[in-house]
Amino acid sequence: RGFNVAALTFERFIEPLRRSPTYNGVTAGSLVPIRWRLLSAGQVVTNPAAFQSFTALNLTCQGTAVPLNDTATGGPGLSVNPANGYFTYNWQTDASWAGSCRRVQIRLGDNSVREVVFRLQ
């Protein structure tokens, strides 16, 4: 791909998304935006090759959730905003997941994994 991913720094998940162990409360069946930023040598990364995969795993619910109160635009999948460097993965949840929890894993181009947890209502 011609992109060096060895020196990626995960800056953070973008608010209002809350980091694990806080559960982000979302409506089952909705399109959920998951945003983050990456840096390399102090510079914002916008190359889609810095993203490798998205996985949502079943998780036993513990504790309460804080409503995410964020809205996705566009369709499901990955987009990158070159203006602010935000990677956004729009996650299409299933209505049948109501009452369950999911651990979302974002695998980056350097093979590191960042996680965030959701409670679906």
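Preceding this paragraph is the structure being described.
So, a few notes on the structure that sits alongside this text. Note that this is a predicted model, so its numbers are computed, not measured.

What about the state of the cysteines?
Under the defined criterion, the tally for this structure stands at 1 disulfide. What pairs with Cys61 in a disulfide is Cys101, and their sulfur atoms sit 2.0 Å apart. What sets the handedness of the Cys61 and Cys101 disulfide is the S-S torsion sign, and at about 115° it is right-handed. Taken together, the positions of Cys61 in the loop between β5 (51–59) and β6 (65–67) and Cys101 in strand β9 (residues 101–108) put the pair 40 residues apart, joining distant regions of the chain. Given the relative accessible area of 1%, Cys101 is considered buried.

Describing the pairing of β9
The element β9 is largely enclosed, with a buried count of 6 among its 8 residues. Bridge count between β5 and β9: 8 bridges; the pairing is antiparallel. Bridging from a neighbouring strand, Ser53 pairs with Arg107 of β9. The pairing of β9 with strand β10 (residues 113–120) spans 7 bridges and is antiparallel. In the strand pairing of β10, Arg102 is matched with Phe118. With antiparallel pairing between neighbouring strands as the criterion, β9 and β10 make up a hairpin whose turn holds 4 residues, including Asn111 at a positive phi of roughly 75°.

Considering the packing of aromatic side chains
Scanning the entire structure with this criterion turns up 8 aromatic pairs. With a centroid separation of 5.7 Å and 15° between ring planes, the pair formed by Trp36 and Phe87 is classed as stacked. Linking Trp36 in strand β3 (residues 31–40) with Phe87 in strand β8 (residues 86–92), this pair joins segments that are 51 residues apart in sequence. We classify Trp36 as buried; its relative accessible area is 0%. With a centroid separation of 4.0 Å and 5° between ring planes, the pair formed by Phe54 and Tyr89 is classed as stacked. A residue pair is termed long-range when its members are at least 10 positions apart, and Phe54 in strand β5 and Tyr89 in strand β8 qualify at 35 residues. There is no split in this pair, since Phe54 and Tyr89 are both buried. Members of the aromatic cluster, connected to one another through ring pairs, are Trp36, Phe51, Phe54, Phe87, Tyr89, Trp91, Trp97 and Phe118. Note that Arg102 overlies the ring of Trp97, its terminal NZ or CZ placed 4.3 Å from the centroid. A cation over a ring is seen here: Arg119 above Tyr23, with NZ or CZ 5.6 Å from the ring centre.

Scoring rules and cut-offs
- Residues numbered from 1 in each chain as written.
- Predicted model: local features only at pLDDT ≥ 70, side-chain atom pairs only at ≥ 80, totals over all residues.
- Heavy atoms only, no water.
- Disulfide = S-S within 2.5 Å.
- Helix = DSSP H or I, 4+ residues; strand = E, 2+ residues; numbered from the N terminus.
- Buried < 20%, exposed > 50% of the residue type's maximum accessible area, 1.4 Å probe, protein only.
- Pairing = 2+ DSSP bridges.
- Phe/Tyr/Trp six-rings, centres within 6.5 Å; stacked < 30°, edge-to-face > 60°.
- Lys NZ or Arg CZ within 6 Å of the ring centre and 35° of its normal.

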